[in-house]
Amino acid sequence: MDYGKIALDTLSCIGGKENVISAAHCATRLRLVLSDSNLVDKEKLEDVDGVQGVFVAQGQLQVIFGTGTVNKVYDEFIKVSGASAVSKDEAKAQAAQNIHWFKRAIKTLGDIFVPIIPAIVASGFLMGIMESLKFMINNGFITLDNTSSLFVFADLFSNVAYTFLPILIAFSAAKVFGGNPFLGAVIGMIMLHPNLQNAWTVATEGVHTYQSVFFGLYEIPLVGYQGHVIPVIISVWLMSTIEKKLHKIVPPMFDLFVTPLVSVFVTGYLTLAAIGPIFTTIENSIINGVQMLIALPFGVGSFIMGGLYATTVVSGIHHMYTIIDLGQISSYGMTFWLPLASAANVAQGSAALAVALKTQNKKLKAMALPASLSAFMGITEPAIFGVNMRFFRPFIAGSIGGACGALYASIVGLGATGTGVTGIFGILLNLHRPVQYIITIGIAAVVAFIVSWILGTGEESKGAKLEVKKAEKDEILAPLNGKAVSLAETNDPAFSSESLGKGVAIIPTEGKLYAPCDAEVTALLGHAIGLLCENGAELLVHIGIDTVELNGQHYKSHVAEGDKVSAGDLLIEFDKKAIEKAGYKTITPVIGTNSDDYTDVEPIFGEVKPCNTRILTLK
């Protein structure tokens, strides 16, 4: 790859160096903070060599190049753009300033939960394994000593992350909010203090003790916050806010003990007296509302949410779903949301797989296949942003498949023992009902694949290939559908006199110009293109007569100067009716500009098909 050219092409597609605030990169993506995202030509950027996908997230334009390529493109991009090179975290901070408050709140939830997902996943997997073992022991499928230290300890470990979840959340939230994470952990510990009644005993035992607060204004139940999320986040946000303000006003000699003491005491009191009870009620209402939706008769609610899930991934609000998963696990012992998410994710991967198997475009195939496999493992961004949303029809197919899989999961009441992992490996969270889980993702995958295959991608408008004939060394094939006629019929002196070279003119029947052979794009003027063919012929294809006066209007290029193209690649689309309505002929001269290198260039007239019909014989 020519990384310098890729950087220049990328820069030209995003509004030039004046539009770039800063640039960073991660393992796979170039992350750009721009002044005006409206200046980005997304479709043209997607066609830049090496680009595997383009999307906007967290206020950044993220261009997927892949591991090993992105860092080289980044180095060249910094050189040609003069952009400020920043770290990934600095780029996120800059981008966050331009994000709507709601999206910023959703992003914050993601920042809090992503670091603790490994702990949640570990407990969830172990819970799934232990639940399946207990099921098989109780039903006589296996004989296993459940009093052994190995079994007892494993059972003990399995729910530890969920038992002490508020501490994990509090520690992570304090880091995100800029507070001391250890003070945040103390707030989480207060909410789990052993002197508070365990929240999981309330349903069977009722509330044991109430405490009056705010000088007898009202009473609150002395119940812990096991399994709760929103009250913890709100409390730690308050603690972090108090702590940061105190650091500014408390003299340094007193700061070490005054700030932690006041921050923890004030926040702890307000948490137990007001924040906890209020936001627990709100959180329970959200969880119950979601469960009511999922539990609608005949799986209607799950069908709707399974279909819309991928759309929420595109918008970025899927980060809040961890709250739903954890809340449902706390309330019902399992999450009915995760199987729905698994169905939606696998369906998007299956839709991308259909694209990979059906397309003749090598670049798209190379992108779609690994993206689909990634989605089967639960990582859907490459499939959604790199393939499905790019052509949209596969995205719709994936949404339909996700809806059907979620419908089945709801009808059979499938729930997972943990969260954090979807797709194929999500079965480890559903070992208590593995057959139902396999059927769920199987339905999603099969439906999405079939619908995606039937709908296709419409990729012929994105640079797909035709059924092409291999051109012989002594021939030039037609680049257009239509009828080949003499250059004299152009009624243009420059073409009809053959002063530019010998050739033919094609009266087009559709507005698509294809590469007639493997070639290099040597010139691109919107309405005209120059090609250096692999057999040495130099071609000029001029779409229309005097159409230079249109200044590129009604023309759309799918390649750039210097690109290597293969026979059948879509080079230019043009609006034939609009050009003719503007008063211009669309008859298209195809000229061999190096005709003098041959003894003769013999034109062949008649009906032609792109990349199949000979129009010139080179002698």
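*Asks:* Is there a simple way to think about the overall build of the protein in this case?
*Replies:* Scanning the protein for helices and strands turns up 22 helices and 21 strands. Reported as C-alpha extents along the three principal axes, the dimensions of the protein are approximately 100 × 70 × 45 Å. For the protein, with 619 residues in total, the buried portion stands at 50%. A fraction of 73% describes how many contacts in the protein between residues 6 or more apart in sequence connect residues 24 or more apart. Computing the positive centroid from 42 side-chain charges and the negative centroid from 51, the protein places the two 2 Å apart.

*Asks:* Would you mind going over the packing of aromatic side chains with me for this structure?
*Replies:* Centre distance and the angle of the planes are the two values used to describe a pair of aromatic rings. Scanning the model with the defined rule gives nine aromatic pairs in all. Geometrically, the ring pair formed by phenylalanine 392 and phenylalanine 395 is stacked, given 6.2 Å between the ring centres and 25 degrees between the ring planes. Ring centres 5.8 Å apart and planes at 20 degrees place the aromatic pair phenylalanine 449 and tryptophan 453 in the stacked group. One end of the pair, phenylalanine 449, and the other, tryptophan 453, are both in helix H20 (residues 434–455), four residues apart, so they sit about a helical turn from each other. Owing to a relative accessible area of 23%, phenylalanine 449 belongs among the partly exposed residues under this scheme. The exposure class assigned to tryptophan 453 is partly exposed, which follows from its relative accessible area of 38%. Taken together, the ring pairs in this structure connect Phe214, Tyr218 and Tyr269 into an aromatic cluster.

*Asks:* I would appreciate a short explanation of a nonpolar patch on the surface in the present structure.
*Replies:* On the surface, a nonpolar cluster with roughly 580 Å² of combined accessible area is contributed by Leu296, Phe298, Val300, Phe303, Ile304 and Leu308. The topology assignment puts leucine 296 in the loop between helix H13 (252–294) and helix H14 (300–315). For leucine 296, a relative accessible area of 36% puts it in the partly exposed group.

*Asks:* Can you walk me through the packing of helix H16 (residues 337–358) against helix H17 (residues 362–376) in this structure?
*Replies:* Here H16 crosses H17 at 160 degrees, and the two axes come no closer than 8 Å. In terms of axis orientation, H16 runs roughly antiparallel to H17. When the axes of H16 and H17 are compared, the crossing they make is left-handed. Together, Asn345, Val346, Gly349, Ser350, Ala352, Leu353, Val355, Ala356 and Leu357 of H16 and Leu364, Lys365, Ala368, Leu369, Ser372, Ala375 and Phe376 of H17 make up the contact between the two elements. The class makeup of the residues in the contact of H16 with H17 is 11 nonpolar, four polar and one charged.

*Asks:* Just checking my understanding: could you explain the nonpolar core for this structure?
*Replies:* Grouped burial of nonpolar side chains is what soluble globular proteins tend to show. Ile476, Ile506, Ile529, Leu571 and Ile615 are the most contacted members of the largest nonpolar core, which has 33 residues in total. Contributing elements (two or more residues each) for this core: strand E10 (502–508), strand E12 (519–524), strand E13 (528–533), strand E14 (538–542), strand E17 (570–574) and strand E21 (614–618). With near-sequence residues (within four places) excluded, isoleucine 615 lies in contact with Ile476, Leu477, Ala478, Pro479, Ala484, Val504, Ile506, Val590, Glu602, Pro603, Ile604 and Val608.

*Asks:* In this structure, what is going on with the pattern of salt bridges? I would like to understand it.
*Replies:* Opposite charge on two side chains permits them to pair, given that their charged atoms come into close proximity. On inspection of all chains with the given rule, the structure shows 12 salt bridges. In this structure, the salt-bridge partner of aspartate 563 is lysine 5, at a minimum N-O distance of 3.5 Å. One end of the pair, aspartate 563, is in the loop between strand E15 (555–557) and strand E16 (564–565); the other, lysine 5, is in helix H1 (residues 3–13), and 558 residues separate them in sequence. Given the relative accessible area of 19%, aspartate 563 is considered buried.

*Asks:* Where do I start with the environment of aspartate 155 in this structure?
*Replies:* One can find aspartate 155 in helix H7 (residues 149–158). Residues aspartate 155 and isoleucine 507 lie 352 residues apart in sequence; the distance between their C-alpha atoms is 76 Å. Here aspartate 155 is in contact with Met130 and Lys134, once residues within four sequence places are set aside. Of the polar contacts made by the side chain of aspartate 155, one reaches the side chain of lysine 134; its length is 3.0 Å.

*Asks:* Can you help me understand the side chain of asparagine 430 in this one?
*Replies:* Along the chain, asparagine 430 falls in the loop between helix H19 (393–411) and H20. Separated by 2.9 Å, the side chain of asparagine 430 and the backbone oxygen of glycine 426 make a polar contact.

*Asks:* Would you explain the pairing of strand E7 (residues 218–221) in this entry?
*Replies:* Consecutive side chains of a regular strand alternate in pointing toward one face of the sheet and then the other. Across four bridges, the pairing between strand E6 (residues 210–213) and E7 is antiparallel. Among the inter-strand pairings, tyrosine 210 is bridged to a residue of E7, identified as proline 221. Taken together, E6 and the strand that follows it, E7, pair antiparallel across an intervening segment of four residues, in which phenylalanine 214 is found at a positive phi of about 50 degrees.

*Asks:* Even after reading the chapter, I still don't get the sheet that holds strand E9 (residues 482–485), so can you show me in this structure?
*Replies:* Whether parallel or antiparallel, the strands of a sheet pair through hydrogen bonds between backbone atoms. Overall, antiparallel pairing links the eight strands, which are arranged E16-E12-E13-E14-E18-E10-E9-E20 in an open sheet. Since the sheet does not close on itself, it has two edges, and those belong to E16 and strand E20 (606–608), each with one partner.

*Asks:* Help me understand helix H15 (residues 321–332) in this model?
*Replies:* An α-helical turn contains 3.6 residues, so a residue and the one three or four places further along point in the same direction. With 12 residues, H15 extends 16 Å between its outermost C-alpha atoms, agreeing within 8% with the 16 Å of an ideal straight helix rising 1.5 Å per residue. Of all 12 residues in H15, 10 are buried, a share of seventy percent or more. Taken residue by residue, H15 has Tyr321, Thr322, Ile323, Ile324, Asp325, Leu326, Gly327, Gln328, Ile329 and Ser330 as its buried positions. Just beyond H15, the residue with positive phi is glycine 333, at close to 85 degrees.

Reading the values: the criteria
- Residues numbered from 1 in each chain as written.
- Predicted model: local features only at pLDDT ≥ 70, side-chain atom pairs only at ≥ 80, totals over all residues.
- Heavy atoms only, no water.
- Helix = DSSP H or I, 4+ residues; strand = E, 2+ residues; numbered from the N terminus.
- Buried < 20%, exposed > 50% of the residue type's maximum accessible area, 1.4 Å probe, protein only.
- Contact = heavy atoms within 4.5 Å.
- Lys, Arg positive; Asp, Glu negative; His and termini not counted.
- Charge placed at Lys NZ, Arg CZ, Asp CG, Glu CD.
- Phe/Tyr/Trp six-rings, centres within 6.5 Å; stacked < 30°, edge-to-face > 60°.
- Patch = residues over 30% accessible without salt bridge, like charges linked within 9 Å, V, L, I, M, F, W, Y side chains within 5 Å.
- Areas by Shrake-Rupley, 256 points an atom, 1.4 Å probe, with all protein chains shown as cover.
- Salt bridge = Lys/Arg side-chain N within 4 Å of Asp/Glu carboxyl O.
- Axes fitted to C-alpha atoms, helices over the stretch in contact; angles between N-to-C directions.
- Parallel < 35°, antiparallel > 145°, perpendicular 65-115°, else oblique.
- Left-handed = near helix turned anticlockwise from the far one by under 90°.
- Nonpolar A, V, L, I, M, F, W, Y, C, P; charged D, E, K, R; others polar.
- Core = buried A, V, L, I, M, F, W, Y, C linked by side-chain atoms within 4.5 Å.
- Polar contact = N/O pair within 3.5 Å; in protein donor to acceptor, adjacent residues only side chain to side chain.
- Pairing = 2+ DSSP bridges.
- Expected span 1.5 Å × (residues − 1).

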